[in-house]
Amino acid sequence: MTDYDVTELEGELDASGLTVGIVVSRFNDLITGKLLDGALDTLTRHGASEDDIDVARVPGSFEIPLMAKRMAESGDYDAVIALGAVIRGETPHFEYVSNEATKGVAKATLDTDVPISFGVLTTDTTEQAINRAGVKQGNKGSEAAESAIEMANLLDEF
Ligand SMILES: Nc1c(NC[C@H](O)[C@H](O)[C@H](O)CO)[nH]c(=O)[nH]c1=O
Ligand SMILES: CC(=O)[C@@H](O)COP(=O)(O)O
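Residues numbered from 1 in each chain as written. Chains lettered and ligands numbered in written order. Predicted model: local features only at pLDDT ≥ 70, side-chain atom pairs only at ≥ 80, totals over all residues. Heavy atoms only, no water.

Membership of the largest hydrophobic core comes to 24 residues, with the highest contact counts inside it found for I22, L43, I81 and L83. For this core, the elements supplying multiple residues, two or more each, are β1 (20-25), α1 (29-45), β3 (79-87) and α5 (140-155). Within the second largest apolar cluster, 18 residues are counted, among which are A56, V86, F94 and V105. (Core = buried A, V, L, I, M, F, W, Y, C linked by side-chain atoms within 4.5 Å. Buried < 20%, exposed > 50% of the residue type's maximum accessible area, 1.4 Å probe, protein only. Helix = DSSP H or I, 4+ residues; strand = E, 2+ residues; numbered from the N terminus.)

Interaxial distance between α1 and α5 falls to 6 Å at its minimum, and their mutual angle equals 40 degrees. The angle between the axes of α1 and α5 places the two elements in the oblique class. Of the two elements, α1 crosses α5, and the hand of that crossing is right-handed. Across the interface between the two elements, L35, G38, A39, T42 and L43 of α1 pack against K140, G141, S142, A145, E146 and I149 of α5. Considering only residue class, the contact of α1 with α5 consists of 5 nonpolar, 4 polar and 2 charged. (Axes fitted to C-alpha atoms, helices over the stretch in contact; angles between N-to-C directions. Parallel < 35°, antiparallel > 145°, perpendicular 65-115°, else oblique. Left-handed = near helix turned anticlockwise from the far one by under 90°. Contact = heavy atoms within 4.5 Å. Nonpolar A, V, L, I, M, F, W, Y, C, P; charged D, E, K, R; others polar.)

UniProt tags F27, S61, F62, E63, A85, V86, I87 and F118 as "binding site: 5-amino-6-(D-ribitylamino)uracil" (unreviewed entry). Locating S61 in the fold gives a position in the loop between β2 (53-58) and α2 (64-74). You can call S61 buried: its relative accessible area is 5%. Excluding residues within four positions of it along the chain, S61 makes contact with S25, G84, A85, V86, V97, A101 and V120. The residue I87 is located in strand β3 in this model. When sequence neighbours within four positions are dropped, the list of residues in contact with I87 reads N28, F94, T123, D124, T125, T126 and A129. (UniProt positions renumbered as here; feature names shortened; annotations may be inferred.)

What follows is the structure in structure tokens.
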């Protein structure tokens, strides 16, 4: 590939010194607990201190945006991580919960200017969720933690 003489900016994957808030849904907690494990493992492996990580538990993914926004606007956190698992049932409820959780987190991060990474699974089946919580398809909680670290460091450059 041709080398370009451009300035490239990228957030370091270094979590040392970062304060991080995690909002995790209790709904489907057999899944969300694994997402939380993945996020905490990633944060500490990249240098975050457990003393600098706060975890807030909410009833379901619909409640994530409000708590994520409250953490972000507190000024106490360099980044917030949103973790949930919305699994399709028999009714259209899945669409509403998924859409509002997604839109709410997106709005909260833009409104507060604080990185809020999106680790909310939206799956058709329980198996799909299990596979994305530390089995065959990785761990969305770990991925969300990496995004939070990178964005906190990248935004610190501006
Ligand atoms: N069905 C799922 C829900 N439903 C609960 C909502 O998130 C919310 O807590 C309730 O409507 C009360 O406001 N939540 C999930 O996180 N995952 C689901 O599969
Ligand atoms: C995503 C949901 O709210 C869903 O799990 C609820 O299940 P159902 O649509 O069968 O009531």
